[in-house]
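Notes for the structure review
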Amino acid sequence: SIIPEMQLIKEYEVSRITVRQALDKLMQDGYIDRKRGKGTIVIEKKLEVATVMKSSFIQLEEIGEKAEKKLLEVKVVQAPKEVAELFNITVEDNVLVMIRVIHVDGKTVALFHNYISPVVTLTAKDNFNGSFYKLLEAKGYKVTSGKEVISAAISDKKDKEFFEIKDSKAMLTRKKIGDSNGVPVELTYSRYLADGYEISIDLS
């Protein structure tokens, strides 16, 4: 709790009006709460930082072009080492991977590899054309938390071939882990052409 108004007035040598204006501002901003019989209480606020990578496509939007997400394929592959470790399986085990891209005016600007844990009862025959997270939820594995690592890179040989670029370009890479009540259910690797993208950080 905060010390009484009279004590604040004496300690900081300010008027009652100044103290009340300061307390009103703190209350409006959600830092304190005034309760009758309990005085002024400090509200404990936890700082949670979440990063969300969003496509801005600023230049393309200005000329009226639209982004289109497209499913390339869903297939069974041997689990890469990091995928196997996350899902608590071995590299000899198989996992399902969904490969998607984002096109803008026919040009590929993003590539996604979604590896899906074997605990989720999905097969390549399921319908992956809609929302991936809604599909997970329908199978009983709603994503309840996650972690993302975003970094910068320079386009490598594979990038140049896939994105059909000649010169070296700045790339954004993202690794995202999705958990369902503490159980890892997806590991997604994404690569983006940096042009037209921004990272938005939501502090809440």
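Our structure's up above, just so we're on the same page.
What follows is about the overall build of the protein chain. Scanning the protein chain from N- to C-terminus turns up 6 helices and 10 strands. Counting across all 204 residues of the protein chain, residues that qualify as buried make up 29%. The long-range share in the protein chain, meaning contacts at least 24 apart out of those at least 6 apart in sequence, stands at 53%.

Another aspect to go through is unusual backbone geometry. Of note, the phi angle at Asn88 is positive, near 60 degrees, even though the residue is not glycine. Phi at Glu164 is positive, roughly 55 degrees, even though this residue is not glycine. Take Glu164: it is sitting in the loop between helix 6 (157-163) and strand 8 (170-180).

Our focus in this paragraph is the sheet that holds strand 6 (residues 107-116). Pairing is antiparallel in the open sheet, where 6 strands are placed in the order 4-5-6-9-8-7. Each of the sheet's edge strands pairs with one partner strand only, and the pair in question is strand 4 (67-78) and strand 7 (145-154). When strand polarity is set aside, the average angle formed by the axes of neighbouring strands in this sheet is 15 degrees.

For the rest of this paragraph, the subject is the environment of Thr173. You can see Thr173 is positioned in strand 8. Assessed through its relative accessible area of 13%, Thr173 is described here as buried. Separated by 18 residues in sequence, Thr173 and Arg191 place their C-alpha atoms 4.6 Å apart.

Scanning all chains against the criterion turns up 5 salt bridges. The residue Lys139 makes a salt bridge to Asp126 at a minimum N-O spacing of 3.6 Å. Within this pair, whereas Lys139 is found in the loop between helix 5 (132-138) and strand 7, its partner Asp126 is found in the loop between strand 6 and helix 5, the two being separated by 13 residues in sequence. When its relative accessible area of 30% is taken as the criterion, Lys139 is described as partly exposed. Its relative accessible area of 22% is what places Asp126 among the partly exposed residues.

Two strands pair when backbone bridges link them, and strand 6 and strand 9 (residues 183-193) are joined in this way by 7 bridges, in the antiparallel orientation. By the bridge assignment, Ile116 is partnered in strand 9 with Glu186. Taken together, the 10 bridges between strand 8 and strand 9 define a ladder with antiparallel strand orientation. Bridge pairing in strand 9 links Gly178 to Glu186.

By the secondary structure assignment, Glu5 is in helix 1 (residues 5-12). Look at Glu5 and you get partly exposed, because its relative accessible area is 22%. Separated by 14 residues in the primary sequence, Glu5 and Val19 place their C-alpha atoms 6.9 Å from one another. If we skip the residues at most four places from it in the chain, Glu5 touches Arg16, Val19, Arg20 and Leu23.

Reading guide: rules and limits
Residues numbered from 1 in each chain as written. Predicted model: local features only at pLDDT ≥ 70, side-chain atom pairs only at ≥ 80, totals over all residues. Heavy atoms only, no water. Helix = DSSP H or I, 4+ residues; strand = E, 2+ residues; numbered from the N terminus. Buried < 20%, exposed > 50% of the residue type's maximum accessible area, 1.4 Å probe, protein only. Contact = heavy atoms within 4.5 Å. Pairing = 2+ DSSP bridges. Axes fitted to C-alpha atoms, helices over the stretch in contact; angles between N-to-C directions. Salt bridge = Lys/Arg side-chain N within 4 Å of Asp/Glu carboxyl O.

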